[in-house]
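Examination of the molecular architecture
Below are the chains, spelled out letter by letter.
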Amino acid sequence: KTHQVPLSHIMYVDVGKQTTALRRVENASIAENVCLSLLTRDGSLDLEASSAQERDALVNCFSLVLDEVHAKNWRDVYRAPSSDLPSSFDEFDMGTNTDKMEV
């Protein structure tokens, strides 16, 4: 089943078994070093990678993407909506569609 999570809703990435769901007894057999969680406004999306190296790569990639997503949102908040003055941040806007991720 496919779920969609807007990237802007992901606040940060947790490494290991940090969420209540991953700490449950039924998940005891899953190694801590392959777990990661995407923490959203509404909860978490817990993921199991196939190896520690893959988990670390996913964490690094998500962190880079989320830094960019949240930086863009920060720029939007920074700009006054009624301002006619150009913003120095305008030259850094990419215009690419990074609003949603499918899992």
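Residues numbered from 1 in each chain as written. Predicted model: local features only at pLDDT ≥ 70, side-chain atom pairs only at ≥ 80, totals over all residues. Heavy atoms only, no water.

**Structural notes on the overall build of the protein**
The number of helices and strands found in the protein is two helices and five strands. Reading the helices (α) and strands (β) of the protein from amino to carboxyl end gives β-β-α-β-β-α-β. For the protein, the residues scored as buried account for 27% of the 103 residues in total. In the protein, 54% of the contacts between residues at least 6 apart in sequence involve partners at least 24 apart. Element-wise, carbon and sulfur atoms account for 53% of the exposed surface of the protein, whose accessible area totals about 7,300 Å². (Helix = DSSP H or I, 4+ residues; strand = E, 2+ residues; numbered from the N terminus. Buried < 20%, exposed > 50% of the residue type's maximum accessible area, 1.4 Å probe, protein only. Contact = heavy atoms within 4.5 Å. Areas by Shrake-Rupley, 256 points an atom, 1.4 Å probe, with all protein chains shown as cover.)

**Concerning the sheet that holds strand 4 (residues 44-48)**
The pairing of strands in a sheet happens through backbone hydrogen bonds and is either parallel or antiparallel. Overall, antiparallel pairing links the three strands, which are arranged 2-3-4 in an open sheet. The open sheet terminates on both sides in strands that have one partner only, identified here as strand 2 (10-15) and strand 4. Averaged over neighbouring strand pairs, the angle between their axes works out to 20° when direction is ignored. Bridge analysis of strand 3 (residues 35-40) against strand 4 gives five bridges, and the strand direction is antiparallel. Residue pairing for strand 4: C35 is matched across the bridge by E48. (Pairing = 2+ DSSP bridges. Axes fitted to C-alpha atoms, helices over the stretch in contact; angles between N-to-C directions.)

**What about the side chain of D14?**
Within the secondary structure, D14 sits in strand 2. An unpaired buried charge is present at D14: no salt bridge exists, and R23, the closest side chain of opposite charge, is 7.2 Å distant. Every residue in contact with D14, bar those within four places of it in the chain, is listed here: L36, S37 and L39. (Lys, Arg positive; Asp, Glu negative; His and termini not counted. Salt bridge = Lys/Arg side-chain N within 4 Å of Asp/Glu carboxyl O.)

**Overview of the confidence of the model for the protein**
Detailed reading of predicted coordinates is not advised where the pLDDT is low. The pLDDT averaged across the protein works out to 79; a share of 69% of its residues lies at or above 70. Counted against residues more than four places away or in other chains, residues 82-98, with its pLDDT under 50, gives 13 contacts. (pLDDT = per-residue confidence, 0-100.)

**Points about the pattern of salt bridges**
Here the structure, examined in full by the defined rule, presents one salt bridge. Across the pair D56 and R55 runs a salt bridge whose closest N-O atoms are separated by 2.9 Å. For D56, a relative accessible area of 36% puts it in the partly exposed group.

**A few points about the environment of L66**
Here L66 lies in helix 2 (residues 52-78). With 55 residues separating them along the chain, L66 and M11 place their C-alpha atoms 7.8 Å apart. With residues up to four places along the chain from it excluded, the contact list for L66 reads L7, I10, Y12 and V13.

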